[in-house]
Amino acid sequence: MQNSPPPTAQGASPPFLRIAGSFADAVAPADFPSAVLRWRNQRWADETGLGGLTDEAWLDHFARFTPLPANLPQPLAMRYHGHQFGTYNPQLGDGRGFLFAQLRDRTGRLLDLGTKGSGQTPWSRQGDGRLTLKGGIREILAASYLEALGVNTSKAFSLIETGEQLSRNDEPSPTRSSVLVRLSHSHVRFGTFQRCAWLEDKESLAQLVDYCISEFFPGADDPDMARKASNLLESIAIATGRMIGQWMAAGFVHGVMNTDNFNITGETFDFGPWRFLPVSDPNFTAAYFDAQGLYRFGRQPVQGGWALQQLASSMLLLADAENLARSLIPYEAAYRESFIAHTHALLGLKPGQDEAGNLAFLQSFYGWMTQSKASWPQTFFDWFGGAVSDARAAASPQAGLYADTGFEPVRAALKDRETERPERLNHPYFKRPAPVSLLIAEVEALWDPIAEADDWSAFSAKTDHIEEARRALAL
Ligand code: AMP
Ligand code: MG
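Now for a look at the structure at hand. (Residues numbered from 1 in each chain as written. Chains lettered and ligands numbered in written order. Predicted model: local features only at pLDDT ≥ 70, side-chain atom pairs only at ≥ 80, totals over all residues. Heavy atoms only, no water.)

### Some points on the coordination of the magnesium ion (ligand 2)
Angles between donor atoms at a metal ideally measure 109.5 degrees for a four-coordinate tetrahedral arrangement and either 90 or 180 degrees for a six-coordinate octahedral one.
(1) Moving on: Coordination of the magnesium ion (ligand 2) by the protein involves Asn-261 (OD1) and Asp-270 (OD), with metal-donor separations of 2.0 to 2.1 Å. Take Asn-261 and Asp-270: they sit in the same class, and that class is buried. (Donors = N, O, S within 2.8 Å, 3.2 Å for Na, K, Ca; no water. Buried < 20%, exposed > 50% of the residue type's maximum accessible area, 1.4 Å probe, protein only.)

### Some thoughts on the environment of Gln-84
(1) Moving on: Along the polypeptide, Gln-84 turns up in strand β4 (residues 82-84).
(2) Moving on: On the basis of relative accessible area, Gln-84 is assigned to the partly exposed category, the value being 27%.
(3) Moving on: On a C-alpha basis, the gap between Gln-84 and Val-188 in space is 17 Å, while along the polypeptide they are 104 residues apart. (Helix = DSSP H or I, 4+ residues; strand = E, 2+ residues; numbered from the N terminus.)

### Some remarks on the nonpolar core
(1) Moving on: Ranked by internal contacts, the top residues of the largest apolar core, which has 117 residues, are Phe-16 and Phe-193.
(2) Moving on: Top element by residues in this core is helix α7 (residues 225-250). It accounts for twelve residues.
(3) Moving on: Setting aside anything within four residues of it in sequence, one finds Phe-193 in contact with Val-188, Leu-205, Leu-208, Val-209, Cys-212, Leu-232, Ile-264, Leu-311, Ser-314 and Met-315.
(4) Moving on: Ranked by size, the runner-up nonpolar core spans 25 residues in total, among them Leu-50, Leu-59, Phe-65 and Leu-113. (Core = buried A, V, L, I, M, F, W, Y, C linked by side-chain atoms within 4.5 Å. Contact = heavy atoms within 4.5 Å.)

### Quick notes on the environment of Pro-122
(1) Moving on: Within the secondary structure, Pro-122 is located in the loop between β7 (110-116) and β8 (131-132).
(2) Moving on: Considered as a pair, Pro-122 and Gly-95 are 27 residues apart in the sequence and their alpha carbons are 7.0 Å apart.

### Some thoughts on the pairing of strand β9 (residues 155-166)
(1) Moving on: Here β9 lies mainly inside the structure; ten of its twelve residues are buried.
(2) Moving on: Taken together, the four bridges between strand β2 (residues 36-40) and β9 define a ladder with antiparallel strand orientation. Note on β9: the bridge partner recorded for Trp-39 is Leu-159.
(3) Moving on: Both β9 and strand β10 (residues 175-184) contribute to a ladder of eight bridges, which runs antiparallel. Bridge pairing in β10 places Ala-156 opposite Arg-182. (Pairing = 2+ DSSP bridges.)

### Some thoughts on the packing of α7 against helix α10 (residues 330-346)
(1) Moving on: Interaxial distance between α7 and α10 falls to 7 Å at its minimum, and their mutual angle equals 35°. The crossing of α7 and α10 is right-handed. Side by side, α7 and α10 meet where Glu-234, Ala-237, Ile-238, Thr-240, Gly-241, Arg-242, Ile-244, Gly-245, Gln-246, Met-248, Ala-249 and Ala-250 of the first sit next to Pro-330, Tyr-331, Ala-334, Tyr-335, Ser-338, Phe-339, His-342, Thr-343 and Leu-346 of the second.
(2) Moving on: Of the residues contributing to the contact of α7 with α10, the split by class is twelve nonpolar, seven polar and two charged. (Axes fitted to C-alpha atoms, helices over the stretch in contact; angles between N-to-C directions. Left-handed = near helix turned anticlockwise from the far one by under 90°. Nonpolar A, V, L, I, M, F, W, Y, C, P; charged D, E, K, R; others polar.)

### Examining empty space enclosed by the protein
(1) Moving on: Enumeration according to the criterion identifies two cavities of 30 Å³ or more in this entry.
(2) Moving on: Taken together, 21 residues form the lining of the largest cavity, with Tyr-145, Leu-149, Pro-377, Phe-380 and Val-436 sitting closest to its centre.
(3) Moving on: When residues of the lining of the largest cavity are traced back to their parent elements, those giving at least two are α7, α12 (376-382) and α17 (457-473).
(4) Moving on: The biggest single contributor to the lining of the largest cavity is α12, with four residues.
(5) Moving on: Across the lining of the largest cavity, the residue classes tally to 20 nonpolar, one polar and no charged.
(6) Moving on: Both domains that meet at the lining of the largest cavity, namely domain 2 (190-341) and domain 3 (348-439), each give it at least three residues.
(7) Moving on: What the second largest cavity holds in volume is close to 40 Å³.
(8) Moving on: Contributing to the lining of the second largest cavity are Met-243, Trp-247, His-254, Met-257, Asn-261, Phe-262, Asn-263, Glu-267 and Phe-269.
(9) Moving on: Considered class by class, the residues forming the lining of the second largest cavity number five nonpolar, three polar and one charged. (1 Å grid on protein atoms, 1.4 Å probe; cavity = no way out; pocket = protein on both sides within 12 Å on 5 of 7 lines; lining within 4 Å. Points joined across faces, edges and corners; volume = space filled by probe spheres on them. Domains from an automatic or database assignment.)

### As for the site of ligand 1
(1) Moving on: Close contacts around ligand 1 come from 17 residues, with Gly-93, Gly-95, Arg-125, Asp-128 and Gly-129 the closest.
(2) Moving on: Within the backbone of Gly-129, a nitrogen or oxygen atom sits 2.8 Å from a nitrogen atom of ligand 1.
(3) Moving on: In the model, an oxygen atom of ligand 1 is placed 3.1 Å from a nitrogen or oxygen of the Asn-261 side chain.
(4) Moving on: For ligand 1, whose unbound accessible area comes to 490 Å², protein coverage reaches 79%.
(5) Moving on: Class assignment of the residues belonging to the shell around ligand 1 gives a composition of two nonpolar, six polar and nine charged.
(6) Moving on: No fewer than three residues from each of domain 1 (15-184) and domain 2 (190-341) sit in the shell around ligand 1. (Near = heavy atom within 4 Å. Polar contact = N/O pair within 3.5 Å; in protein donor to acceptor, adjacent residues only side chain to side chain. Areas by Shrake-Rupley, 256 points an atom, 1.4 Å probe, with all protein chains shown as cover.)

That's the geometry; what it means functionally is another story.
Printed below as a string of structure tokens:
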């Protein structure tokens, strides 16, 4: 990897400029009183040709937002709308972020550098345009852990502490400030389409379809605009189904599945109050402000379908309802196949040949998980590799649960499956008694020493452990 030629990061004109006139507004970044580098994603910086930046240059680009050479001359706040908890809001848009640059990775994939907490914009409404340091830390943790678990996700690229005191009504205030840069395969949201429909702006909608197809789904191209729109919708439906199948296997609760938080490329995105499940529980709800449990764990697949229906409606200016409805059909199968594949991947197992058998395995496994209240991360860790991990599982802190007769059908089903790349079990990660996990109490415990004594050691230990898991799982 290190020896391949540098990516074509800069050079060609950023593709988003083709449509920026209809979809974004040039904005100025905030002028922060200070800039202290707290996180630099060196692996992804290397992937995108920015690995050689000195820390000083890094601060210059990612706290002061000096443009990257031959890239966007000015930050662009994106325009979008969206459904929030089922209610349409035409007043969204980047209220504390902007698109800063577009890069390519070594495979040629287009990646956006977008910000969070970089200052006010025309879309800030009553907001201060800022991000709390704790919020930035939470995003690094979630994105890194999701990546380690093989979930398609945006990446945290940079976090810089900015020296302001912020006031929030759901956190002890004043609290410290930061600016985050995230790397993401598009910042086009379902709500970007919804805004065009709301404005009845057919021309911009067609421009957006063209942009999405040429940059993200070239296989969906067609000379006819109506077919192009339906093809694109189908590609987005499949990408979204795959993403949510991965969430369900990873025990990830996004928290705010508003349509402005869905990226068209099926990357996990804008996950504010996220949680990872401690135990299997379909009713687990991440956000304290989600009193109805609309976005609870077990509703995520349905909610993904609902968001896609809103996206489909927004394309009615270009294609007819019947074709659009047809484009949504593959969502369910994409979800189901991904849930099966990713459950097996996270257990280090090869899926069986037939889908019915695979679904029966999932039913047995998750049924036991829900009923036994076994620890979600510990169970996946203990049984990674399947039956070959019998001895490891017998030494687990929750070995008692596996000795129960209720576990027997699961044990039999695990025995029935082949291990995928068994050599991974030789990694030191699997020699320890417990996996890395990211339960809410742990996240809070990482924050406390930072808040009280500016002690980052627990946070660093956690990100190191996550990186070790990423290498060990090699998904
Ligand atoms: P989010 O919950 O991050 O998806 O944001 C929903 C909307 O509120 C988006 O339009 C954000 O840009 C905006 N927003 C959230 N927090 C702030 C803030 N502190 N200042 C300005 N706008 C914000
Ligand atoms: Mg959002």
